[in-house]
Amino acid sequence: MSNVLDAIELTRKEALLALEKVGDVETLEKIRIEFLGAKGRMTEHMRSLGSLPKDERPAAGQAANQAREEISAAHRRAAESLKQASRRSQALDVTLPGRKPPRGSSHILNRTMDEICQVFAKLGFSIVEGPEIETDYYNFEALNFPADHPARDMQDSLFVGDKLLLRTHTSPVQIRTMEKRKPPLWIVVPGRTFRRDDDITHSPVFSQVEGLVVDKGITMADLKGVLSAFASSFFSPETTIRLRPSFFPFTEPSAEVDIACVLCGGKGCRLCKGSGWLELLGSGMVDPALYDFVGYDPNEVSGFAFGIGVDRAAMLKYGLSDIRHLYQGDLRFLRQF
Ligand code: FA5
């Protein structure tokens, strides 16, 4: 009797050990055939029960049934864990090409600002920057806007402290640069600017590129020549400009510069409201009063300055109808450029 029970126990142990180690479905199937198959070792044990003496049969039968159930259960567990491992390896298919993380790109406003600066760099201008939080002195006073001067109303300002504000234009960098450097000066100043404005062509945050030239014998013809070269390089070679009289406290005479409408070429259309022209920037000859603030001699030097609205330049170049598209971060809009 103990021989039969020992043999069943040996088969059970060997089967469970083999199932514990199994690493692939082919081996699993071989194990199943060896232990549980029609000619397998457990089937042999069951068959041999009939030849045992009657009184030994129940115990041997019970041991054989129990061993078979245990082996079957271990086989099911091994099959399930192999299935799961294969699913996991499919989820991690190392042969698939990698997923590329989405790549960002330069915002259309930054690109426009770079393009503007590049045009002026080619004309011999160098780039200068200044602070976004500015004093009342540099933003207004030294640019010939005395306290309570009505021209301050043209730039609704955001103050952040006593006589401290978010700069309303890039013109303060004119003064900061002239204080530090002697002529000749040929500079452009790209930067962010802020006003209490908000409609389809005005944003509370916008950008400007300031230009300043101070040298010997500079005239209004130089201003027009430089800005014509800019317009034909930035927009298209056929783009013409016109100067329209205007007023800024820090330039005299002053001019708004318009470009021939980018849509109709000057014939008159919906975009230019029939006039054939689109306003691009403010400009003028540096008011000699500024030279007093920085210690230049107005008999020695003269100059011109301009301030390009970068947002406006981008809107004109790409035909945008609402400035707010530039600040909403909507990828469907941004991906078009
Ligand atoms: C000025 O800011 C002067 N500093 C420009 C200047 C420089 C004149 C040097 C003379 C010499 P103005 O307020 O017109 O000027 O603004 C210049 C340009 O900035 C405008 O033509 C417009 O394109 C842009 N701009 C002004 N306010 C806004 C705004 N809220 N949103 C978007 N663009 C604006």
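Computed from a predicted model, the values in this text were never measured in an experiment.

Quick notes on the rules
- Residues numbered from 1 in each chain as written.
- Predicted model: local features only at pLDDT ≥ 70, side-chain atom pairs only at ≥ 80, totals over all residues.
- Heavy atoms only, no water.
- Patch = residues over 30% accessible without salt bridge, like charges linked within 9 Å, V, L, I, M, F, W, Y side chains within 5 Å.
- Areas by Shrake-Rupley, 256 points an atom, 1.4 Å probe, with all protein chains shown as cover.
- Salt bridge = Lys/Arg side-chain N within 4 Å of Asp/Glu carboxyl O.
- Helix = DSSP H or I, 4+ residues; strand = E, 2+ residues; numbered from the N terminus.
- Buried < 20%, exposed > 50% of the residue type's maximum accessible area, 1.4 Å probe, protein only.
- Near = heavy atom within 4 Å.
- Polar contact = N/O pair within 3.5 Å; in protein donor to acceptor, adjacent residues only side chain to side chain.
- 1 Å grid on protein atoms, 1.4 Å probe; cavity = no way out; pocket = protein on both sides within 12 Å on 5 of 7 lines; lining within 4 Å.
- Sits in = over half its atoms within 2 Å of the grid points.
- Nonpolar A, V, L, I, M, F, W, Y, C, P; charged D, E, K, R; others polar.

Asks: When you look at a nonpolar patch on the surface in this model, what are you seeing that I'm missing?
Replies: Taken together, the side chains of Ile133, Val160 and Leu164 present a nonpolar region at the surface, about 240 Å² in accessible area. One can find Leu164 in strand S4 (residues 164–166).

Asks: I tried to follow the pattern of salt bridges on my own but got confused; where do I start?
Replies: A side chain of one charge can pair with a side chain of the opposite charge when the charged atoms of the two come close. Going through the model one piece at a time under the given rule, you end up with 19 salt bridges. The partner of Arg32 in a salt bridge is Glu29, with the nearest N and O atoms 2.9 Å apart. With Arg32 and Glu29 both in helix H2 (residues 25–36), this residue pair falls 3 residues apart, about one helical turn. On the basis of relative accessibility, which here comes to 31%, the residue Arg32 falls in the partly exposed class. A salt bridge links Glu44 to Arg47, with the nearest nitrogen and oxygen atoms 3.3 Å apart. Taken as a pair, Glu44 and Arg47 lie in helix H3 (residues 41–48) at a separation of 3 residues, close to a single helical turn. On the basis of relative accessibility, which here comes to 40%, the residue Glu44 falls in the partly exposed class. Sharing partners across several salt bridges, the network here consists of Glu9, Arg12, Lys13 and Glu70.

Asks: Please clarify how the site of the ligand should be interpreted in this entry.
Replies: Not every one of the 25 residues close to the ligand is listed here, only the nearest: His169, Ser171, Arg195, Asp197 and Ser203. At 2.8 Å, a side-chain N or O of Arg195 approaches an oxygen atom of the ligand. One nitrogen or oxygen atom from the main chain of Ser203 is found 3.0 Å from a nitrogen atom belonging to the ligand. Look at the ligand: alone it shows 680 Å² of surface, and the protein chains cover 93% of it. The site holding the ligand turns out to be the largest pocket. Mapped onto the shell around the ligand, the elements with two or more residues apiece are strand S6 (205–215), strand S9 (277–286) and strand S10 (302–309). Considered class by class, the residues forming the shell around the ligand number 7 nonpolar, 13 polar and 5 charged.

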